[in-house]
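# Tertiary structure, described
Here's the letter readout for the chains.
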Amino acid sequence: MVEVTADQVLAALKSVQDPDLHRDIVTLGFVQNIRICEGAVAFSIQLTTPACPVKDLLKAQAHQAVSEIAGVTSVQIEMTAQVRGRAASGEALVPQVRHIIAVASGKGGVGKSTVSVNLAVALAQSGAAVGLLDADIYGPSLPTMMGAHDKPLIKETPTGVKMVPLTCHGVLLISLGFLLSPDKAVVWRGPMVASAVRQLLGDVTWGALDYLIVDLPPGTGDASLTLAQQVPLSGVVLVMTPQKLAGEIASKAVAMFDVLSESGDRKIPILGVVENMSGGVFGHGGGQVAATSMNMPLLGTIPMDSSVCAAGDDGVPAMLASPASEAAQAFRALAAAVAARVSVLTYESEQGVPTST
Ligand code: ADP
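Just so it is clear, the model here is predicted, and its values are computed rather than measured.

Further remarks concern the sheet that holds strand β5 (residues 74-81). Pairing in this open sheet of three strands is mixed, and the strands run β3-β4-β5 from one edge to the other. The open sheet has two free edges, formed respectively by β3 (31-37) and β5, since each of these has just one partner strand. Each neighbouring strand pair of the sheet contributes to a mean axis angle of 15°, computed without reference to strand direction. As judged from the eight bridges shared by strand β4 (residues 40-47) and β5, these two strands associate in the parallel manner. When the bridges of β5 are listed, Leu47 appears paired with Ala81. Where helix α2 (residues 55-67) meets the sheet, it contacts β4 and β5, and its direction lies at approximately 150° from that of β5.

What follows deals with the site of the ligand. Inspection of the region around the ligand gives 16 residues, with Gly109, Lys112, Ser113, Thr114 and Asn276 positioned closest. Here an oxygen atom of the ligand and a backbone polar atom of Gly109 are 2.8 Å apart. Side-chain polar atom of Asn276 to a nitrogen atom of the ligand: 2.9 Å apart, as the coordinates give it. Here the ligand has 560 Å² of accessible area as a free molecule, and 81% of this is covered by the chains. Of all the secondary-structure elements, those providing two or more residues to the shell around the ligand are α3 (112-125), β14 (270-278), β15 (298-303) and α9 (306-314). Looking at the shell around the ligand, the element that brings in the most residues is α3, giving three residues. Classifying every residue of the shell around the ligand gives eight nonpolar, six polar and two charged.

What follows deals with the domain arrangement of the protein chain. Here the protein chain is described as being made up of domain 1 (6-81) and domain 2 (97-351). The interface is formed by nine residues belonging to domain 1 together with twelve residues belonging to domain 2. Summing both partners gives a buried area of about 840 Å² for domain 1 against domain 2, and 69% of it is carried by carbon and sulfur. In terms of surface lost to domain 2, no three residues of domain 1 exceed Leu21, Pro50 and Ala51, which account for 48% of the buried area on that side. Applying the counting rule to domain 1 against domain 2 returns zero salt bridges. Counting every contact that joins domain 1 to domain 2 gives two residue pairs in polar contact (both at pLDDT 80 or more). Taken together, the residues that form the side of domain 1 that touches domain 2 break down as five nonpolar, two polar and two charged.

Counted at 1.5 Å a residue, the expected span for α2 with its 13 residues is 18 Å, and the 18 Å between its end C-alpha atoms agrees. Within α2 the residues assigned to the buried category are Leu58, Ala62, Ala65 and Val66. Burial along α2 is one-sided: seen end-on, the buried residues are contained in an arc of 90°. On its buried side, α2 packs onto α1 (6-13), β1 (17-18), β4 and β5.

This part is about the packing of helix α5 (residues 190-202) against helix α6 (residues 222-230). The interhelical angle for the contact between α5 and α6, taken along N-to-C directions, is 50°, at an axis separation of 8 Å. Overall, the two elements α5 and α6 adopt an arrangement that is oblique. The interaxial crossing formed by α5 with α6 has right-handed handedness. Of α6, the residues touching α5 (which contributes Gly190, Val193, Ala194, Val197, Arg198 and Leu201) are Asp222, Ala223, Thr226, Leu227 and Gln230.

What counts as what
Counting from 1, residues in each chain are numbered in the order their sequence is written. Note on the predicted model: pLDDT of at least 70 is required for a residue's local features to be given, and 80 or more for side-chain atom pairs to be given and counted; whole-chain, interface and lining totals, by contrast, use all residues. For side-chain calculations, the full set of non-hydrogen atoms in the structure is used, while hydrogens and water are omitted. For two strands to be treated as a pair, DSSP must find at least two bridges joining them. Numbering of helices and strands runs from the N terminus; a helix is a DSSP stretch of H or I covering at least four residues, while a strand is a stretch of E covering at least two. Note on definitions: angles span 0 to 180 degrees between N-to-C directions of axes, and those axes are lines fitted to C-alpha atoms, for helices only across the stretch in contact. Here, two residues are considered to be in contact whenever any of their heavy atoms come within 4.5 Å of each other. By convention in this text, a residue qualifies as near a molecule or strand provided that one of its non-hydrogen atoms is within 4 Å of it. In protein, a polar contact requires one atom able to donate a hydrogen and another able to accept it; more generally it is a pair of N or O atoms within 3.5 Å, and residues adjacent in sequence count only if both atoms are side-chain atoms. Accessible surface is estimated by sampling points in the Shrake-Rupley manner with a 1.4 Å probe; for residues, cover comes only from the protein chains shown. Each residue gets one label: Ala, Val, Leu, Ile, Met, Phe, Trp, Tyr, Cys and Pro are nonpolar, Asp, Glu, Lys and Arg are charged, and the others, such as Gly, are polar. Each domain's extent is set by a domain assignment, obtained either automatically or from a database. By definition, the buried area sums, over both parts, the 1.4 Å-probe accessible area that each loses when the two are put together. Each salt bridge in this description consists of a side-chain nitrogen of Lys or Arg and a carboxyl oxygen of Asp or Glu lying within 4 Å of one another. Given the number of residues in a helix, its expected span is that number minus one, multiplied by 1.5 Å. Only protein chains enter the accessibility calculation, which uses a 1.4 Å probe; a residue whose area is less than 20% of its type maximum is buried, one above 50% is exposed, and one in between is partly exposed. Along the arc lie the directions from the helix axis toward the C-beta atoms. Angle categories are assigned with fixed cut-offs, so that under 35 degrees is roughly parallel, over 145 is roughly antiparallel, 65 to 115 is roughly perpendicular, and the rest are oblique. In this scheme the handedness of a crossing depends on how the near helix is turned from the far one: anticlockwise by less than a right angle means left-handed, clockwise means right-handed.

Structural data, given as structure tokens:
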């Protein structure tokens, strides 16, 4: 009988490429825990995000490659994920959060909050630990959209008094709305916004998170500035509607994030564009045009769908209320694209080189 070796398995797996990182899965360190018992081969593939869009493809290719080794009678692959991030950097405000992803828009009413909520739920459903921070001073709507009726508990901890986030649909939630009394109108001035955002990051028991999604107010004001200055953002997802004018507003927002980058100590990457309410009264395709003109990826296209709106009002995001709908599928694809983009940028910064070269 031909004896199969771990070196043969690794050599075969070198033929399997991660299409986003442009490296083979052995070089990337994804292949782990190889066990060989006569012709039976078992191993794990550890991806950089559980929301990996090519998980099934990589598994199938790895299976095929190892099956072709002479003497192999069975192949068993366990797919796991470990989100890599900057957690080890010991960053002060949220030391255990690997990636902070801001969801922004040039103007209000484009579905930024709806996208934030469904993106968070989709990432959580893939198996990631996810938090959602509602920093929209003009209308903190996430408690309603997530069906949160309680207020967070306040807890004494060794590092001070902290808020305990609510858990809604598998996502940890904190909203600026929790800090306000509903009957009081607030006129937010810059320093107040800055201190509220700092509080929502640092005075909350977020715990270990793979992704913290931050729903920013529209435009790029004080909340964005505080985020940019206080924490290393993994990137910004820009939501827009499909019209041409929306693209112009979106590119202004991108230009403003570039200006904000200069006030922090590193560049804020824009992960890409989401076209929301596609196919409705606004038509479709503007997202791709805007993405191309700004030289960034189109991360997703979410259809106009009245059930998305109804789901938000009912406190059960469309991802869960109608999981088989076209909109839910689009949100899942968006989450996969965002997670993949973050993985690529993390890998590039670890290696100090762009993966495309
Ligand atoms: P923003 O945060 O940009 O102000 P919201 O997420 O609050 O926008 O969305 C504005 C309105 O549009 C809400 O009533 C929401 O339910 C609705 N909406 C958002 N996305 C969609 C969609 N894809 N299809 C239908 N209605 C949507």
